Structure formats: C-alpha cells, structure tokens
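Fold and contact review
What follows is the residue order along each chain.
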Amino acid sequence: MTEKQTRRNFLITTVAVAGGITATNAFQKAATPTATMPERVLGGTEVNLPIFGLGGAGQTPLSWHDRQGDAEAIIQKALQLGIRYFDTAASYGPSEDYLGKVLPPHRAKVFLASKTDKRDYDGAWRELERSLKRLNTDYLDLWQLHHVSFASELDTIFSPSGAIKALEQAIQQKLVRFAGITGHHDPEIIAEGLRRYSFHATLIPVNAADPHHPRPFLPVVMPVAQAKNVGVIAMKVPAYGRLFKPGGLTGMQQALGYTMSQPGVHCCVVAAENTTQLENNVKVARAFQPLSQAELAAMAQRTANIWEETTFFRTWT
C-alpha cells in the first residue's frame, strides 16, 4: 500500500468512525423550503448552487467559542431554508467543529468548502487532515488557498514544496473535488494566481463600495476568471453591515442585489448573527431580480462617501 493510499484510508476510517457518516436518506430531516432561491452553475464545475450560501466567520456564533447551541441552530435553519453551500476555514475558530456536528446526515446534498492559510505542502496537508476530521466528512467539495495577499506567497505556494502540491494530491485522492483561491487584499495577486493555475473557483469581495477603492477587484479579477471559466463567489457583500450606515445602502436587498447583478458572479456567502437575520437574508435571496445598470450605478454612488470605512478589510493580509 502506498503512502497516499494509507493517508486516504486513514482519513476515511477515522472520519467514518467519529462521525457515523452516511450518504443515504440525506436531508430527510430538513424541512422543505416553501420557496426556492435562484441557482447558477459555479463556473466550469457543472455544480448548480443557490445564489446564497452561509458564511462561517465574522459576526456569527459559528466562529465564536462557547456558542455551540446558537451555531447549530443557525446551521439547522440554513438547511431548512434550502441553503446548500456552507463556507468555513481551518482558521475560523470552532466553525468547522460546529458544522461537523450538524451536516454529516445531509452531506450528500450540501456543497462544503473550507480553506487553508498554509503556503507549504506539509502545513496545508496537516490542515486538510484536521479540517476533514473536524467536519466529520471524508471529502471537501471545495478546498481553497486562504487570503492570498502577496506575490511572495504565490511563489511559495507554487514552489516544488508548496501548498499547491497538497491541493493536487488531495484532488487525486478524492479528498477534494475542486480547488480555489481567496483574497480580499490585492486583486492583482488573485488574478495572477488564476493565471498561474487552473483553479475551479475564487472567493473575492464584491460589493457596492468596491468600485471606489483605488484597486477594485472586479475589473482586475473578473476578466481572467471569465476567460478561464472560473467560478466567482462573492464575500463581504454587506461589509459587516457597514454598507448600511446613514447615507449608504438601505439593506440586504440592495447589497445582495448589487453583488449578484454583477456579470460573472455565481453566488455569495454571508454570515448570520442569528436565525432571524438568516431567514430575512434568504427571503431577499429568493426574491432576487437582476438590477439595471442605472440601478447599480445609483447604488454605487450611495457608497461614495463611506467607501473607505466599508472596505476596511482590504488592509487584512
């Protein structure tokens, strides 16, 4: 038996024992939603996803310690509302653990994404093993290189001992279905990453304030993503609610409407502070209708005076 086979068999055995995972009768316990969200195919993956997914970090109990009950209630409500895309990362506190306590019975019906911020092969592989165990699953639908910010990081990732080797090996072993790259610091770095490697998806900020930033994401990343049929997932849609400051956008209807009306954006992930907020956000997603260019321009104009405080995450690396 090869080292690769040993690693994969170990992971599958460990996770199956710990989580009792079964793919049969998945989703039977989840209530059927009364309405459905619009769906789009995620780039070249051929996977059809609702336009709205649940984020696992930020202003949400999913990433807070000692909030297991609240976190599980949000995850259960997301399933009941028809959310199928769940976003997390190795660095999101207890997020993977919380998801791993709820999602296993529904695993066959959900699209589960996690991330690693390790740039070397060994570090990334160790995080993948930990993520699979915490999530109680034997595979990820999407594994992403997390918050890539600098050219030096790309050089390390794509070196002979870089994290890209772990990602490739994980796909070969069917521990991962699709490869992704994420970032919210420098769009040129994400675009260069897409040029260097055939990623299946990218997760980037897309909101009404971004056009005012000196280095906006969409004009830089989207041409490369569309040319390579990369799935584009939007984050920072309401900018942690800061887009709703006086004089800014009026609420999630405008925030999500702006993001999901951008050509080439396939879906978005947004965290929830509680189940009521999640229900309201899903109502908005279900009612989504593409906005006109005039409407989009008017929304962007509303953020002209608050763009600096609403793009605060651009300094994170």
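Numbering of residues starts from 1 in each chain and follows the order in which that chain's sequence is written. Predicted model: local features are reported for residues with pLDDT of at least 70 only, side-chain atom pairs are reported and counted for 80 or more only, and whole-chain, interface and lining totals are derived from all residues. Side-chain calculation: all heavy atoms of the structure are included, whereas hydrogens and water are not.

In this section: the packing of helix α2 (residues 68-80) against helix α10 (residues 275-286). Comment: axis = line fitted to C-alpha atoms, over the contacting stretch for helices; angle = value between 0 and 180 degrees taken between N-to-C directions. Secondary structure follows DSSP: runs of H or I at least 4 residues long count as helices, runs of E at least 2 residues long count as strands, and numbering of each begins at the N terminus. Running from N to C, α2 and α10 point in directions that differ by 25°, and their axes come no closer than 9 Å. Our classification of the angle between α2 and α10 gives roughly parallel. Where α2 crosses over α10, the two elements pack in a sense that is right-handed. Counted together, Ala-73, Ile-74, Lys-77 and Ala-78 of α2 and Thr-275, Leu-278 and Glu-279 of α10 form the full contact between these two elements. Think of it as three bins: nonpolar holds Ala, Val, Leu, Ile, Met, Phe, Trp, Tyr, Cys and Pro, charged holds Asp, Glu, Lys and Arg, and polar takes everything else, Gly as well. By residue class, the composition of the contact of α2 with α10 is 4 nonpolar, 1 polar and 2 charged. We call two directions roughly parallel when the angle between them is under 35 degrees, roughly antiparallel when it is over 145, roughly perpendicular when it lies between 65 and 115, and oblique otherwise. Left-handed is the label given to a crossing in which the near helix is rotated counterclockwise from the far helix by less than a right angle, and right-handed is the label when the rotation is clockwise. Two residues qualify as a contact provided that any one of their heavy atoms is within 4.5 Å of a heavy atom in the partner residue.

Our focus in this paragraph is the nonpolar core. Residues grouped as a nonpolar core are buried Ala, Val, Leu, Ile, Met, Phe, Trp, Tyr and Cys residues, joined through side-chain atoms within 4.5 Å. For the exposure calls, accessible area comes from a 1.4 Å probe over protein chains only, and a residue counts as buried if that area is under 20% of its type's maximum, exposed if over 50%, partly exposed in between. Phe-52, Phe-86, Leu-256 and Leu-278 are the most contacted members of the largest nonpolar core, which has 83 residues in total. In this structure Leu-256 touches Ile-51, Phe-52, Val-237, Cys-268, Val-284, Ala-285 and Phe-288, once residues within four positions along its chain are discounted. In terms of nonpolar packing, the next biggest core, distinct from the first, is built from 14 residues, Leu-49, Phe-178, Leu-203 and Cys-267 among them.

With that out of the way, let us pick up helix α8 (residues 218-227). Residues Leu-218, Val-221, Met-222, Val-224 and Ala-225 constitute the buried set of α8. Along its buried surface, α8 packs onto α7 (187-196), β8 (201-205) and β9 (231-235).

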